[in-house]
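For reference, the chains in residue letters:
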Amino acid sequence: MDEDCVVFAGTANPALAAGVARELGLPLGACEVERFPDGELTVRLLEPVRRRAVFVIQPTAPPVNEHLVELLAFADACRRAAAERITAVVPYFGYARADKRTGRREPITASLVADLFQAAGIDQVITVDLHTPQLEGFFHVPVDSLSAVPLLCAALRDSLAPGTVVVAPDAGRVRMATEYAQRLRASLVVLHKRRTSATATEVTHLVGDVRDRPCLLVDDMITTGGTLASSVAALRGAGAAADVRAAATHGLLLPGARERLIQAGLQEVWVTDTVRVPEIDWPALHVVSIASLLAEALRR
Ligand code: R5P
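Residues numbered from 1 in each chain as written. Predicted model: local features only at pLDDT ≥ 70, side-chain atom pairs only at ≥ 80, totals over all residues. Heavy atoms only, no water.

A. Region of interest: the overall build of the protein. If you tally the helices and strands in the protein, you get eight helices and 14 strands. Taking 19 Å as the expected radius of gyration for a compact globule of 300 residues, we find that the protein reaches 20 Å, a close match to that expectation. Across its three principal directions, the C-alpha atoms of the protein cover 60 × 45 × 35 Å. When the 300 residues of the protein are sorted by exposure, 51% land in the buried category. Across the protein, the fraction of contacts at a sequence separation of at least 24, relative to all contacts at a separation of at least 6, is 65%. For the protein, the exposed area adds up to about 13,600 Å²; of that, 51% sits on carbon and sulfur atoms. (Helix = DSSP H or I, 4+ residues; strand = E, 2+ residues; numbered from the N terminus. Rg over C-alpha atoms; globule rule 2.2 N^0.38 Å. Buried < 20%, exposed > 50% of the residue type's maximum accessible area, 1.4 Å probe, protein only. Contact = heavy atoms within 4.5 Å. Areas by Shrake-Rupley, 256 points an atom, 1.4 Å probe, with all protein chains shown as cover.)

Structure below.
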């Protein structure tokens, strides 16, 4: 990285952006984000970006709309100030689950957000563990989709009990769970879930053998914790050992999630810092930084 590059941190996860800058041996670009009493915001770049490659680090984590508009404002400011190339580093891509219509007269908001990125002048996107790989198809600019699974596996490997099986909580996570299972040399179990409300899911099928086995549930994100809680209950119901842990890339952990997961009896929860993790004082929670992964992608 040289002086032709500048890395800006949005307000969604400044600690991660600082970690990336440290890895790169670069100072973060000087900028200000100001929020007005009416809810609007503005961005000021306090250094020139003309003919420079700009990276803006901003997961579109909750409050999603707030952080999304801020990212778009950053891009617009860079474009108007004649940046050479604008890369949005969006470790967590909000609205990823809105990737299809579940009924008539509904939007596909993930596609809309991809269009907004391009309208704002973003030339490239770097992201981590997209909810579904086909989301890339919504973009007409290059998308670098990184995986946090190798980092999570390396971090949690030594804490797993012998004979642990990797569990996908639903069909959508089979591909990711297969990668965990291969890296950890574990066997794979698949659950099938049905969502009964925004916070509750019900497991209807379990494929594989969990009797007396420790389990590692893996997912792309933990938001309300409902999916993991019902998965733990299903595993216990099928005779799994008491040792059930979980790993997920995006630890959104909305209010109530931590209590739900504690009540479910999860021994450990492993997440990364793609989003700012709010429950840092919870001893069962382990946070693995992806700063080095992002820094390497930026360097490339
Ligand atoms: C669903 O398709 C996702 O992969 C996650 O399983 C889900 O979004 C997690 O959300 P929650 O923690 O609210 O169940």
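B. Broad picture of the site of the ligand. The local shell around the ligand holds 15 residues, among which R97, D219, T223, T224 and T227 are the closest. D220 places a side-chain nitrogen or oxygen 2.6 Å from an oxygen atom of the ligand. T224 places a side-chain nitrogen or oxygen 2.6 Å from an oxygen atom of the ligand. Burial of the ligand by the protein amounts to 92% of the accessible area it has alone, namely 370 Å². If you list the elements that add at least two residues to the shell around the ligand, you get β9 (188-195), β11 (215-222) and α6 (226-237). It is β11 that contributes the most residues to the shell around the ligand, four residues altogether. When its residues are assigned to classes, the shell around the ligand shows two nonpolar, six polar and seven charged. (Near = heavy atom within 4 Å. Polar contact = N/O pair within 3.5 Å; in protein donor to acceptor, adjacent residues only side chain to side chain. Nonpolar A, V, L, I, M, F, W, Y, C, P; charged D, E, K, R; others polar.)

C. Geometry of the pattern of salt bridges. Taken as a whole and assessed by the stated rule, the structure comprises 16 salt bridges. Here E66 ties to R35 by a salt bridge, and the two come within 2.6 Å at their closest N and O atoms. You can see E66 sitting in helix α2 (residues 64-80) and its partner R35 sitting in strand β2 (residues 31-35), a full 31 residues away along the chain. Salt-bridge contacts for D220 lead to R173; the nearest nitrogen and oxygen are separated by 3.6 Å. Of the two residues, D220 sits in strand β11 while R173 sits in the loop between β8 (165-168) and α5 (174-184), which places them 47 residues apart along the sequence. In this structure, D220 and R173 share a single accessibility class: buried. (Salt bridge = Lys/Arg side-chain N within 4 Å of Asp/Glu carboxyl O.)

D. Expanded view of the pairing of β2. Where β2 meets strand β3 (residues 41-45), five bridges bridge the pair, whose relative direction is antiparallel. Considered in β3, the bridge of V33 is made with V43. Turn length for the β2-β3 hairpin, with the two strands adjacent in sequence and antiparallel, is five residues, and the turn residue G39 shows positive phi of about 100 degrees. (Pairing = 2+ DSSP bridges.)

E. How the structure looks around the nonpolar core. Counting 38 residues, the largest nonpolar core has V20, V166, Y180, L184, L216, L294 and L298 as the members making the most contacts within it. Formed jointly, this core draws a minimum of three residues from each of two domains, domain 1 (5-147 + 292-299) and domain 2 (149-273). Among all residues touching L184, those that are not within four sequence positions of it are C153, L156, R157, L160, V166 and L216. Counting 31 residues, the second largest nonpolar core, distinct from the first, contains L41, L68, A114 and V141. (Core = buried A, V, L, I, M, F, W, Y, C linked by side-chain atoms within 4.5 Å. Domains from an automatic or database assignment.)

F. View of α5. When we look at burial in α5, the residues that qualify are M176, A177, Y180, A181 and L184. Down the axis of α5, the sector holding all buried residues measures 140 degrees, keeping them to one side. What points out from α5, more than 90 degrees from its buried face, is the exposed set R175 and Q182. Looking at the buried positions of α5, the neighbouring elements they touch are α4 (149-156), β8, β9, β11 and β12 (244-251). (Arc of directions from axis to C-beta.)

G. Representation of the domain arrangement of the protein. The assigned domain composition of the protein is domain 1 (5-147 + 292-299) and domain 2 (149-273). Here the C-alpha centre of domain 2 lies 29 Å away from the C-alpha centre of domain 1. Every contact between the two is made by twelve residues of domain 1 and, on the other side, 15 residues of domain 2. Both sides of the domain 1 and domain 2 interface together cover about 1,100 Å² of buried area, and 56% of this is carbon and sulfur. Run the count over domain 1 and domain 2 and you get zero salt bridges. In this assembly, domain 1 and domain 2 are joined by seven residue pairs in polar contact (both at pLDDT 80 or more). Class assignment of the residues belonging to the side of domain 1 that touches domain 2 gives a composition of seven nonpolar, three polar and two charged. (Buried area = accessible area lost by both parts, 1.4 Å probe.)

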